[in-house]
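Tertiary structure, described
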Amino acid sequence: MLRLRCADRLLDLTRPCVMGVINVTPDSFSDGGQFAGAAAAIEHGLRLEAEGAMILDVGGESTRPGAEPVPAAQELERVLPVIEGLRAASGAIISIDTSKPEVMRAAAAAGAGLINDVHALRDADALEAAAASGCAVCLMHMQGEPRTMQQAPHYADVVPEVRAFLAARRAACLAAGIAAERIACDPGFGFGKTLEHNLALLRRLGELAPGETPLMVGLSRKSMLGKLTDRRPGARLHGSVALALIAASRGARIIRAHDVAPTVDALRVLAAVTEGG
Ligand code: 7PJ
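Residues numbered from 1 in each chain as written. Predicted model: local features only at pLDDT ≥ 70, side-chain atom pairs only at ≥ 80, totals over all residues. Heavy atoms only, no water.

Regarding the overall build of the protein
The helix and strand tally for the protein stands at 9 helices and 10 strands. Taken along its principal axes, the extent of the C-alpha atoms in the protein is 40 × 40 × 40 Å. At a minimum sequence separation of 6, the contacts of the protein that also span at least 24 residues come to 68%. Distance from the positive charge centre (29 side chains) to the negative charge centre (31 side chains) of the protein: 4 Å. (Helix = DSSP H or I, 4+ residues; strand = E, 2+ residues; numbered from the N terminus. Contact = heavy atoms within 4.5 Å. Lys, Arg positive; Asp, Glu negative; His and termini not counted. Charge placed at Lys NZ, Arg CZ, Asp CG, Glu CD.)

Quick word on the packing of helix α3 (residues 101-109) against helix α4 (residues 126-133)
α4 packs onto α3 with a crossing angle of 10° between their chain directions and a minimal axis gap of 8 Å. On the basis of their axis angle, the class for α3 and α4 is roughly parallel. Facing α3, whose interface residues are Pro101, Met104, Arg105 and Ala108, α4 presents Ala126, Ala129, Ala130 and Ser133. Broken down by class, the residue content of the contact of α3 with α4 amounts to 6 nonpolar, 1 polar and 1 charged. (Axes fitted to C-alpha atoms, helices over the stretch in contact; angles between N-to-C directions. Parallel < 35°, antiparallel > 145°, perpendicular 65-115°, else oblique. Nonpolar A, V, L, I, M, F, W, Y, C, P; charged D, E, K, R; others polar.)

With respect to helix α6 (residues 195-203)
A large share of α6 lies buried, amounting to 7 of its 9 residues. Within α6, burial applies to Leu195, His197, Asn198, Leu199, Ala200, Leu201 and Leu202. Looking at the buried side of α6, the elements it contacts are α5 (158-175), α7 (223-229) and α8 (237-249). (Buried < 20%, exposed > 50% of the residue type's maximum accessible area, 1.4 Å probe, protein only.)

As for the sheet that holds strand β9 (residues 216-218)
Strand pairing within a sheet occurs via backbone hydrogen bonds; the two strands may be parallel or antiparallel. With respect to topology, 8 strands assemble into an open sheet ordered β8-β7-β6-β5-β4-β3-β10-β9, the strand pairing being parallel. Across the chains shown, the open sheet's two edge strands, defined by having one partner strand only, are β8 (183-186) and β9. Going from strand to strand, the sheet's axes swing by 25° on average, the running direction of each strand aside. Helix α9 (residues 260-276) rests against β3 (17-23) and β10 (254-257) of the sheet, and its axis sits at about 170° to β3. (Pairing = 2+ DSSP bridges.)

Observations concerning the site of the ligand
Around the ligand there are 12 residues in total, and Thr63, Asn116, Asp186, Lys222 and Arg256 lie nearest to it. Within the side chain of Asn116, a nitrogen or oxygen atom sits 2.7 Å from a nitrogen atom of the ligand. Arg256 is positioned with one of its side-chain polar atoms (N or O) 2.8 Å from an oxygen atom of the ligand. When the ligand is considered free in solution it has 390 Å² of accessible area, and contact with the protein chains removes 93% of it. In the shell around the ligand, the residues fall into 4 nonpolar, 4 polar and 4 charged. (Near = heavy atom within 4 Å. Polar contact = N/O pair within 3.5 Å; in protein donor to acceptor, adjacent residues only side chain to side chain. Areas by Shrake-Rupley, 256 points an atom, 1.4 Å probe, with all protein chains shown as cover.)

Keep in mind these numbers describe shape, not what the thing actually does.
Okay, structure coming up:
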């Protein structure tokens, strides 16, 4: 059975599940900073849970292309009240979207069960902090850094390069004492990738995950959909659901999404067809 150990919880991934996005950043491109206040962010998270999200991903530092880094104290100020509030009111697994070890430690102490790190635990002390937390970890591939990563993404062959990176980061986690059942991987759509790179990764998604590692994908509202459908972020729902279904049908087990209800519906339909066979 495919599953992910998230601190004191075991997440069943026999069927693909949805991770709902809670941005606690004033510059978030898709929410326009609408959920910047902790109370609003908690309310938003509870709504995503009611819509069927199994995981709630709380982020206090924007990783959108061009975004500037945020100091740890400010990130903690944004995310901790939200994690505490959700932990008290929600049964969902809480994910902390961070690369900073001090944020990982504080979030785990406040009840987070998953560390979603777009740097794949490459920052100093991040592996140790994640290992000690007991949380699950999501290792994401990124070429370059958010501020400049979309300027000139380049690969000789994107699929084996991303696969090799994820395998190496998984090996580093295992060596640091993070059990295999605590590790998920993510190709990092849009993180230092052109449209063609993203499409190649999606086509060959099944080749990416090392071993039995569950694959997470984030495709919701991303700029590849802007290129494919010529729509602004708020009008990319239909394209996002299409990408979620394509990813799940190719093996993705965790779908990171802003629009939880329609994504959950689509995955239920897919599961009925798949399991009926
Ligand atoms: C991702 C993420 C993703 C994981 C963001 C956005 C940009 N975490 N955080 N995977 N994307 N694991 O939502 O468009 O693709 S932030």
